[in-house]
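# Analysis of the macromolecular model
Below are the chains, spelled out letter by letter.
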Amino acid sequence: GDVGADFVFVGEAPSAAAERTGVPFTGDEAGERFQDVLGKVGLNHSLPSSEEPEVENAYLTYLTRCRHPERSPSDAEVTTCEPFLNADVRMINPEVIVPVGERALEAVGEEYTTTPVEELDVAGHHAERIRGRGFELLPMIAPGEMSDGDAEAFVSAFLDLLETDYRQTKGRRGR
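Quantities reported herein were computed from a predicted structural model and do not represent experimental measurements.

## Regarding unusual backbone geometry
In this structure, Asn93 is a non-glycine residue whose phi angle is positive, near 55 degrees. For Asn93, the location among the structural elements is in the loop between helix 3 (75–92) and strand 3 (96–99). Even without being glycine, Ala127 reaches a positive phi, approximately 60 degrees. Tracing the chain through its elements places Ala127 in the loop between helix 5 (122–125) and strand 4 (130–131).

Set out below in structure tokens:
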């Protein structure tokens, strides 16, 4: 992704397809839906089926990078990988973090908002702006679970966000 990005998208863990391609959110039907959404909001300039998308102003990462490929990551694996995610977020210094899926929202919400985790659920907050500590969050239902209506709602909310002065969610940074 773009290391100078305004937007960081955080999923739970790479799918087997994303591990095969070596590129987050690619290589399968869910990845294509995700890349299609990025294209509709102007952050992906390639076909949704591309295994090497041309992403601009977006950085794509996961809560975990190392886990057993046949199961969801354990809490210990999420905790072990947390410093890598924090390093990514500090390095990128985004304006908006997009937690992709329930587990990503819980982890990112706990770290970057004052909202109690039990009040955050991705279905209830999908495509809804949440004020964070230094960042704004815009949760997204996981692409593999997303309906066409969910995708349209996210695209609409993201395009609305782009029309605002979203860069004022924290102090201006030098570029």
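## What to know about the environment of Asp28
Following the sequence through the fold, Asp28 ends up in the loop between helix 1 (16–21) and helix 2 (29–40). Given a relative accessible area of 25%, Asp28 falls into the partly exposed group. Taking the C-alpha atoms as reference points, Asp28 and Ala16, 12 residues apart in sequence, are found 8.8 Å from one another. Not counting chain neighbours up to four residues away, the residues in contact with Asp28 comprise Ser15 and Ala17. Separated by 3.2 Å, the side chains of Asp28 and Ser15 make a polar contact.

## Comments concerning the pattern of salt bridges
Side chains that differ in sign of charge can pair as their charged atoms come close. On inspection of all chains with the given rule, the structure shows 9 salt bridges. Here Arg65 and Asp88 are joined by a salt bridge, their closest N and O atoms 2.2 Å apart. Taken together, the positions of Arg65 in the loop between strand 2 (58–62) and helix 3 and Asp88 in helix 3 put the pair 23 residues apart, joining distant regions of the chain. Owing to a relative accessible area of 37%, Arg65 belongs among the partly exposed residues under this scheme. Between Arg129 and Glu136 there is a salt bridge whose closest N-O contact spans 2.7 Å.

## Let's talk about the confidence of the model for the chain
Looking at the chain, the pLDDT average stands at 90 and 95% of residues meet or exceed 70. The low-confidence segment residues 171–175, where pLDDT is below 50, has 11 contacts with residues more than four positions distant or belonging to other chains.

## As for the side chain of Gln35
Position of Gln35 among the secondary structure elements: in helix 2. Look at Gln35 and you get buried, because its relative accessible area is 1%. From its side chain, Gln35 meets the backbone oxygen of Phe25 in a polar contact 3.2 Å long. When sequence neighbours within four positions are dropped, the list of residues in contact with Gln35 reads Pro24, Phe25, Thr26, Asn44, Pro48, Pro53, Val55 and Leu60.

## Re the sheet that holds strand 5 (residues 136–137)
On the basis of which strands lie adjacent, the open sheet formed by 5 strands has the order 2-1-3-5-4 and mixed pairing. A strand with exactly one partner marks an edge of an open sheet, and here the two such strands are strand 2 and strand 4. Relative to strand 3, strand 1 (residues 7–11) is paired through 4 bridges, and the arrangement is parallel. In the strand pairing of strand 3, Val10 is matched with Pro99. Against the sheet, helix 6 (residues 148–162) contacts strand 1, strand 3 and strand 5, and its axis sits at roughly 150 degrees relative to strand 1.

The rules behind these values
- Residues numbered from 1 in each chain as written.
- Predicted model: local features only at pLDDT ≥ 70, side-chain atom pairs only at ≥ 80, totals over all residues.
- Heavy atoms only, no water.
- Helix = DSSP H or I, 4+ residues; strand = E, 2+ residues; numbered from the N terminus.
- Buried < 20%, exposed > 50% of the residue type's maximum accessible area, 1.4 Å probe, protein only.
- Contact = heavy atoms within 4.5 Å.
- Polar contact = N/O pair within 3.5 Å; in protein donor to acceptor, adjacent residues only side chain to side chain.
- Salt bridge = Lys/Arg side-chain N within 4 Å of Asp/Glu carboxyl O.
- pLDDT = per-residue confidence, 0-100.
- Pairing = 2+ DSSP bridges.
- Axes fitted to C-alpha atoms, helices over the stretch in contact; angles between N-to-C directions.

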